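# Structural features, examined
Listed here are the chains, written in short residue letters.
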Amino acid sequence: MYLVQLAPGTTPEAARTAMIDDVGTKLLDAGALGLTIDVADEAAQFTPLAPPPADDPLHAVVSLWLDAYDYREPFEAILRDRAAKLAGYQVVESMYREYGGNQWSGPREWPDGQRSPGPLVVTMFPQHPDMDFDTWIRYWHDKQSPMSEAIQPRTRYVRNAVFRAITADAPPFRAIVEEAWPSIDAVTDPMQFFCADGDSDTLTKNITTMMEHVGTFIPMDQMRNYPMSEWILKTL
């Protein structure tokens, strides 16, 4: 997976054109086995409930499947040709929820190369310093994931655990999470985001539960989240 920052001042429309029409096409032509690009395009101009700090903008997240990471150099060259800054990671993907796996969406019916209909929030965070790796990942996978599934209307949930960084100076993230939602309102309206259905007591309870869990395994000041659009360009 690669985090891509384009030139300063790149517009959402230009980010989509650069990453989907140009970079995406070149990566496919180079032989990518599978390819998904999340882009901060014109359809992703919303603010999640927990906005990121005032960091430099993240324009795209590229998920690239190859036979082995040893063969990544031609693909990285394509990315570097457009990126002002690039951070790469070798990751272990865990698909907790696919489209159609719960009541919030039906199975995926749109073709490769077409923008997914709902918004996406990409979240990155390091391992909590007070936890060893085994404790940390068990908490994330065994406690956080089912809890959040029960109180949030996610349509897709992809957990990418970072095995190691593969570019110099990559931020020390250990998790890159992709969460799809049925609508922008489902991300920006607390009542919808926490499945409270207009009930203030349920809202308070679910927010409290979420904050307690998240604060246990994520150093909150180092978490980053970004609104994106999901473009599945080639299904693996």
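Here, the structure is the one placed above.
Here goes a summary of the coordinates provided. (Residues numbered from 1 in each chain as written. Predicted model: local features only at pLDDT ≥ 70, side-chain atom pairs only at ≥ 80, totals over all residues. Heavy atoms only, no water.)

### Re the side chain of H213
- Relative to the helices and strands, H213 is located in helix 6 (residues 200-217).
- On the basis of relative accessibility, which here comes to 19%, the residue H213 falls in the buried class.
- A polar contact is formed between the side chain of H213 and the backbone oxygen of T209, at a distance of 3.0 Å. (Helix = DSSP H or I, 4+ residues; strand = E, 2+ residues; numbered from the N terminus. Buried < 20%, exposed > 50% of the residue type's maximum accessible area, 1.4 Å probe, protein only. Polar contact = N/O pair within 3.5 Å; in protein donor to acceptor, adjacent residues only side chain to side chain.)

### So, unusual backbone geometry
- One non-glycine residue, D169, lies in the positive phi region at around 65 degrees.
- Looking at the element boundaries, D169 is found in the loop between strand 6 (156-165) and strand 7 (175-180).
- At C195, a residue that is not glycine, the phi angle is positive and equals roughly 50 degrees.
- Take C195: it is sitting in the loop between helix 5 (190-193) and helix 6.
- The exposure class assigned to C195 is partly exposed, which follows from its relative accessible area of 27%.

### A word on the sheet that holds strand 1 (residues 2-5)
- Ordered by their spatial adjacency, eight strands build a closed barrel running 1-3-2-8-5-7-6-4, and the pairing between neighbours is antiparallel. Between one strand and the next, the sheet's axes are offset by a mean angle of 35 degrees, whatever the strand orientation.
- Strand direction decides the pairing type here: strand 5 (residues 120-125) and strand 7, joined by six bridges, are antiparallel. When the bridges of strand 7 are listed, L120 appears paired with A180. (Pairing = 2+ DSSP bridges. Axes fitted to C-alpha atoms, helices over the stretch in contact; angles between N-to-C directions.)

### Observations concerning the pattern of salt bridges
- One pass over the structure, following the stated rule, counts twelve salt bridges.
- A salt bridge links R97 to E149, with the shortest nitrogen-to-oxygen separation between them at 2.8 Å. Remark: E149 occurs in helix 3 (residues 133-151) and R97 occurs in strand 4 (residues 85-97); sequence separation between them is 52 residues.
- We note a salt bridge from E179 to R154, for which the minimum N-O separation is 3.0 Å. One end of the pair, E179, is in strand 7; the other, R154, is in the loop between helix 3 and strand 6, with 25 residues separating them in the sequence. Of the two residues examined, E179 and R154, each falls in the buried class. (Salt bridge = Lys/Arg side-chain N within 4 Å of Asp/Glu carboxyl O.)

### A few points about the nonpolar core
- Ranked by internal contacts, the top residues of the largest apolar core, which has 26 residues, are F125, W136, W140, M210, F217 and I218.
- Every element with two or more residues in this core is listed here: strand 5, helix 3, strand 6, strand 7 and helix 6.
- If you tally residues by element for this core, the top one is helix 3, at six residues.
- Look past the residues within four positions of W136 in its chain and what remains in contact with it is F125, P126, Q127, H128, M131, R174, A175 and F217.
- Grouped together as the second largest cluster of nonpolar side chains are 24 residues, V4, A60, I166 and W231 included. (Core = buried A, V, L, I, M, F, W, Y, C linked by side-chain atoms within 4.5 Å. Contact = heavy atoms within 4.5 Å.)

### So, the packing of helix 3 against helix 6
- Closest axis-to-axis distance for the helix 3/helix 6 pair is 10 Å, and the angle between their directions is 165 degrees. Compared by their axis directions, helix 3 and helix 6 come out roughly antiparallel. Pair helix 3 / helix 6 crosses with left-handed handedness. Contacts between helix 3 and helix 6 involve W136, Y139, W140, K143, Q144, M147, S148 and I151 on the former and, on the latter, N206, T209, M210, E212, H213, V214, T216 and F217. (Parallel < 35°, antiparallel > 145°, perpendicular 65-115°, else oblique. Left-handed = near helix turned anticlockwise from the far one by under 90°.)

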